[in-house]
Amino acid sequence: MTSHGTGYASYVYAVCRPFDGEAVEGTVGVGGRPLHLVTEEDLTAVVSAVPLEEFDEEALKSRLEDLRLLEEMVRAHHGVVDTVARLAVTVPLRLATVYHGDERVRGVLRAHAETFEATLRELTGRVELGVKVYADAGTRSPVTEPSGGSLPGESRGRAYLRRRKEQRELRDDTWRRAAVLCERTDEVLSGLSHAREQHPPQNAALSEVPGENVMNHAYLVDQERVEDFLAAVRDLRSHAREGVRIEVSGPWVPYSFASPRSSEVGV
Amino acid sequence: MSEVGQIRPYGGSAPSNLVDVLERVLDKGIVIAGDIQINLLDIELLTVKLRLLVASVDKAKEMGIDWWEHDEALTSGTGRHRDEELAEENRRLRERIAALEENSGSVEKGSGKREPAGASRGGSRESKGEER
């Protein structure tokens, strides 16, 4: 069908320090494909040979636009990166980085050796921790007048307006508390980490988590400071006021810190 | 929800929140131009589309619009969830029917049209198996 015929392409998951390939022999990547390593000097790319007709531009595009296939691919990519990061320092590549064969991969390792080296140095011995702050005005219990009650001698209209005002104040209160918690959290956690990245807040419908995500940060933390970091989060959490909460995810392979600060690396 | 105590060294098979994974695998990670020029902007566009879709989901739900919940392409994730809910509901209904049959069994036994309650219940269970 396509002009590429029935060849294979090289899908690259990550670049890391060389390690024993036997350790990933049973691991499968995108489309259930096995992994192999492409090594050039002191850099190793973790690769799957994928059928071109499933990974050429058109196929990839439709694959990425099908949410089910996208999820499969994202999980597979993440799974490989996670596995490899346990074996060697790893720079995760963004999803769907595909080359015409392993020779090209070798060329990319050579061409970007400096960038990879710098990033590997930056990430060595460090992990990423995700920290989110949520505000949830709805979960606060003491709504003084539950449903439509009026104070003695109060008209229904007045009672309605009063309840609206109370609700508004409750919300304002929660936002204020959330703002305070965000500021405090970032201050404390930045002090315990090497770098920080801000992600856009997650939409509640997508994450299926209650409350409004008001802060979504990633911190690059030295491995030996992870315990301190988590203890600090526990402390922040125990002091969090009603209606606001703080959550941690990870440790992640440092995806959020894999790119050189705010710049893309092109060929 | 992720409790601090549940933190493990690199998630691995640990169930990570898909959105957390998506925002990293899709938006982060080192970007190097591949030979297959799947335009990375397209991927960004896709996440924007996802976000737009999802942002409007909130509003639409408030208005009682939920057509996408029946669109398989848009709800592959939650679809499975709904299947489980339906299966659970089916199971409850079957139990309820079984309970009702048991109660009415003593009444119907006399009619001669049905087998004794025990056998009848066994029978209906078999047919449930076939339905699946």
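Residues numbered from 1 in each chain as written. Chains lettered and ligands numbered in written order. Predicted model: local features only at pLDDT ≥ 70, side-chain atom pairs only at ≥ 80, totals over all residues.

As for the overall build of chain B
Along the backbone of chain B there are 4 helices and 0 strands. Secondary structure elements in chain B, listed N-terminal to C-terminal, are α-α-α-α. Here chain B holds 132 residues, and 14% of them are scored as buried. (Helix = DSSP H or I, 4+ residues; strand = E, 2+ residues; numbered from the N terminus. Buried ≥ 20, exposed ≤ 12 C-beta atoms within 10 Å, placed from the backbone.)

Things to note about the nonpolar core
All names here are of chain A. Among the nonpolar cores identified, the biggest contains 69 residues, and Val12, Ala14, Val15 and Val46 are the most heavily contacted of them. Considering each element in turn, this core owes the most residues, 8 residues, to helix H3 (residues 67-85). Those residues in contact with Val12, other than ones at most four positions away along the chain, are Ala45, Val46, Val47, Leu93, Thr97, Tyr99 and Val105. (Core = buried A, V, L, I, M, F, W, Y, C linked by C-beta atoms within 7 Å. Contact = placed C-beta atoms within 7 Å.)

Some words on the confidence of the model for chain B
Residue and element names in this part refer to chain B. Looking at chain B, pLDDT values average 58 and 30% of them are 70 or higher. Within chain B, the lowest mean pLDDT, 43, falls on helix H4 (residues 117-131), and the highest, 82, falls on helix H1 (residues 18-25). The low-confidence segment residues 70-80 (pLDDT under 50) makes 12 contacts with residues lying over four places distant or belonging to another chain. Per the prediction output, this complex has pTM 0.69; the corresponding ipTM is 0.80. (pLDDT = per-residue confidence, 0-100.)

Some points on the packing of H3 of chain A against H1 of chain B
Each pair of packed helices can be described by the angle between their axes along with the distance between the axes. The geometry of H3 of chain A relative to H1 of chain B is characterised by a closest axis approach of 10 Å and an angle of 75 degrees between their N-to-C directions. Taken together, H3 of chain A and H1 of chain B sit at an angle that is classed as roughly perpendicular. For the pair H3 of chain A and H1 of chain B, contact is made by Glu71, Val74, Arg75, His77 and His78 of chain A and by Leu18, Val21, Leu22 and Val25 of chain B, respectively. Looking at the contact of H3 of chain A with H1 of chain B residue by residue, the class counts come to 5 nonpolar, 2 polar and 2 charged. (Axes fitted to C-alpha atoms, helices over the stretch in contact; angles between N-to-C directions. Parallel < 35°, antiparallel > 145°, perpendicular 65-115°, else oblique. Nonpolar A, V, L, I, M, F, W, Y, C, P; charged D, E, K, R; others polar.)

Topic: the sheet that holds strand S2 (residues 36-40) of chain A
Residue and element names in this part refer to chain A. If you walk across this open sheet you meet the 4 strands as S2-S3-S1-S4, and the pairing is antiparallel. Each end of this open sheet is capped by a strand with a single partner; those strands are S2 and strand S4 (90-99). The sheet shows a mean angle of 30 degrees between the axes of neighbouring strands, taken without regard to direction. As judged from the 6 bridges shared by strand S1 (residues 8-16) and S4, these two strands associate in the antiparallel manner. Of the residues in S4, the one forming a bridge with Tyr11 is Val98. Helix-sheet contacts for helix H4 (residues 102-111) involve S1, S2, strand S3 (43-51) and S4, and the interaxial angle to S2 is about 45 degrees. Packed on one face of the sheet, helix H5 (residues 113-123) meets S1, S3 and S4 and runs near 140 degrees to S4. (Pairing = 2+ DSSP bridges.)

Observations regarding helix H6 (residues 156-190) of chain A
Its 35 residues give H6 of chain A an end-to-end C-alpha distance of 51 Å, which sits within 8% of 51 Å, the value for a rise of 1.5 Å per residue. Buried residues along H6 of chain A sit against strand S5 (126-135), strand S7 (212-222), helix H8 (226-239) and strand S8 (244-252) of chain A. (Expected span 1.5 Å × (residues − 1).)

Overview of the pairing of S3 of chain A
All names here are of chain A. Of all the 9 residues making up S3, 7 are buried; the element is thus mostly covered by neighbouring parts of the structure. Sheet analysis places S1 next to S3, joined by 8 bridges and oriented antiparallel. Across the sheet, the residue bridging to Ala14 is Val46, located in S3. Where S2 and S3 come together, 5 bridges link them in antiparallel fashion. When the bridges of S3 are listed, Glu40 appears paired with Leu43. Here S2 folds back onto S3, and the loop between the two strands holds 2 residues, one of which, Glu41, carries a positive phi near 55 degrees.

Quick word on the packing of H6 of chain A against H8 of chain A
Residues and elements named next belong to chain A. Two elements in contact, H6 and H8, have axes separated by 10 Å at closest approach and are oriented at 160 degrees. With respect to each other, H6 and H8 are oriented roughly antiparallel. Pair H6 / H8 crosses with right-handed handedness. Packed against H6, whose contacting residues are Arg184, Thr185, Val188 and Leu189, the element H8 presents Phe229, Ala232 and Leu236 at the interface. (Left-handed = near helix turned anticlockwise from the far one by under 90°.)

A short note on the sheet that holds S5 of chain A
All names here are of chain A. Taken together, the 4 strands give an open sheet; going across it, the order is S6-S7-S5-S8, and neighbouring strands pair in antiparallel fashion. In the strand order of this sheet, the two ends are held by strand S6 (195-198) and S8, each with one partner. The sheet shows a mean angle of 20 degrees between the axes of neighbouring strands, taken without regard to direction. In terms of strand pairing, S6 meets S7 through 4 bridges, oriented antiparallel. Paired with Gln198 across the bridge in S7 is His217. Those strands touched by H8 are S5, S7 and S8, and its axis lies near 165 degrees from that of S8.

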